[in-house]
Amino acid sequence: MSTFPPSLKPVVKATGAGLFGFRTRLLLTWLALFGLFVAFFLSFDLKFSIILEKFPNLAGFKLGPNGFLQGAALTLFLCLCSMVVSVLFGFAAALARLSTSAVLVGIASFYTSFFRGTPLLIQILLIYLGLPQLGLVPGAISAGIIALSLNYGAYLSEIFRAGILGVARGQREAALALGMRTPQIFWHIVLPQAMRVIIPPTANQFISMLKDSSLISVMGVWEVMFLAQSYGRSSYRYLEMLTTAAVIYWVLSILLELVQARLERHFGRAYQR
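What you see is a predicted model, and the numbers here were worked out from it, not measured in a lab.

Conventions adopted
- Residues numbered from 1 in each chain as written.
- Predicted model: local features only at pLDDT ≥ 70, side-chain atom pairs only at ≥ 80, totals over all residues.
- Heavy atoms only, no water.
- Phe/Tyr/Trp six-rings, centres within 6.5 Å; stacked < 30°, edge-to-face > 60°.
- Buried < 20%, exposed > 50% of the residue type's maximum accessible area, 1.4 Å probe, protein only.
- Lys NZ or Arg CZ within 6 Å of the ring centre and 35° of its normal.
- pLDDT = per-residue confidence, 0-100.
- Helix = DSSP H or I, 4+ residues; strand = E, 2+ residues; numbered from the N terminus.
- Contact = heavy atoms within 4.5 Å.
- UniProt positions renumbered as here; feature names shortened; annotations may be inferred.
- Expected span 1.5 Å × (residues − 1).
- Arc of directions from axis to C-beta.

Chemist: An account of the packing of aromatic side chains is requested, with residue identities and associated values reported.
Modeler: Under the counting rule described, the total for this entry stands at 17 aromatic pairs. Measuring from centroid to centroid gives 6.0 Å for Phe55 and Phe61, while their planes differ by 70 degrees, and the two rings are edge-to-face. Judged by its relative accessible area of 63%, Phe61 is exposed. The ring centre of Tyr231 lies 4.6 Å from the NZ or CZ of Lys54, which sits over that ring.

Chemist: Break down the confidence of the model for the protein chain for me, with residues and values.
Modeler: Scored by pLDDT, the protein chain has a mean of 88; 92% of the residues are at 70 or more. The secondary structure element of the protein chain with the lowest average pLDDT is helix α1 (residues 9-15), at 47, and the one with the highest is helix α5 (residues 102-117), at 96. Long-range and interchain partners of residues 7-16, a stretch whose pLDDT sits below 50, account for 6 contacts in this model, where long-range means more than four residues apart.

Chemist: Outline the UniProt feature "transmembrane region" (unreviewed entry) in the protein chain, supporting the account with residue identities and numerical values.
Modeler: UniProt feature "transmembrane region" (unreviewed entry): in the numbering of this structure it lies at residues 27-52, 72-96, 103-129, 135-155, 214-232 and 238-259. From the first C-alpha to the last, residues 214-232 spans 16 Å; its make-up is 47% helix and 0% strand.

Chemist: Describe unusual backbone geometry, and please don't skip the residues or the numbers.
Modeler: One non-glycine residue with positive phi stands out, namely Asp45, at about 55 degrees. Within the chain, Tyr236 stands out as a residue other than glycine whose phi angle is a positive 60 degrees. As for its position among the elements, Tyr236 is in the loop between α10 (224-235) and α11 (238-267).

Chemist: Kindly report on α5, identifying the contributing residues and their values.
Modeler: Compared with an ideal rise of 1.5 Å per residue, which puts 16 residues at 22 Å, α5 spans 22 Å between its outermost C-alpha atoms and is within 8% of the ideal. Along α5, the residues that are buried comprise Ala108, Tyr111, Thr112 and Phe115. Buried residues of α5, seen end-on, are gathered within an arc of 90 degrees and therefore sit on one face of the element. In α5, those exposed residues whose orientation departs by more than 90 degrees from the buried face are Ala102, Val103, Phe110 and Gly117. Contact partners of the buried residues in α5: α4 (71-98), α6 (120-130) and α7 (140-165).

Given below as structure tokens:
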């Protein structure tokens with residue numbers, strides 16, 4: 001016996017849903033597009049021997065000459081550190097914007113305005129080249145983490161603020177009626193509900209951070225883009241190296257998307273039917 005209402009049977013038959021499920025059609029679409037993607041890059045007449053030779057370095061399977069991480073491993077290290085620090089900056093700025101203190105609101109709004117209103121590359125160079133004039137000499141990796149954290153913390157602060165404000169006032173009032181204190185209300189009532197709104201745009205920011213970390217290559221940090229440009233310059237095979245770097249960034253982004261999907265399911269359980 002069919003489970004579809006009579007009014008939907010013609011639509012189901014027209015779309016072919018009776019032959020292939022949604023997941024099957026989704027998978028077939030991805031495979032078709034991936035095939036076109038591979039065919040496009042194969043048309044460049046790539047030299048795969050160079051890709052195989054340099055891939056372990058680009059992927060971070062080997063340490064750099066200084067014994068530290070390089071390639072994708074260094075990119076992940078930079079991003080993970082920046083993610084943690086940017087969340088702290090963003091959370092502090094969001095709470096400051098929501099406070100009743102004019103000083104805190106002024107500091108937070110100035111911070112978000114500057115770091116959202118100027119290019120990330122300029123911020124990286126200001127920190128790396130400007131701080132030494134003040135007597136502080138950060139390393140290239142430290143300067144990159146600071147710049148990424150400050151920049152993305154400004155964007156995250158607005159995401160966090162919007163998520164917190166998106167929780168209905170009635171939730172707070174009900175918690176107060178139950179005798180809960182303000183810190184308890186925030187941590188146990190407001191924040192868990194706000195996370196459902198916060199996670200998708202925050203994950204998008206982290207994926208953007210992963211790609212923007214390539215800007216740190218201007219300081220000579222041996223991350224993916226720096227190595228791809230260096231190997232391409234030395235072998236005169238830029239397309240091979242840039243294509244490999246693009247695939248590495250794509251794979252890392254997909255991993256972050258999987259983490260995002262898992263978090264969305266976790267915090268969205270109460271809203272699922």
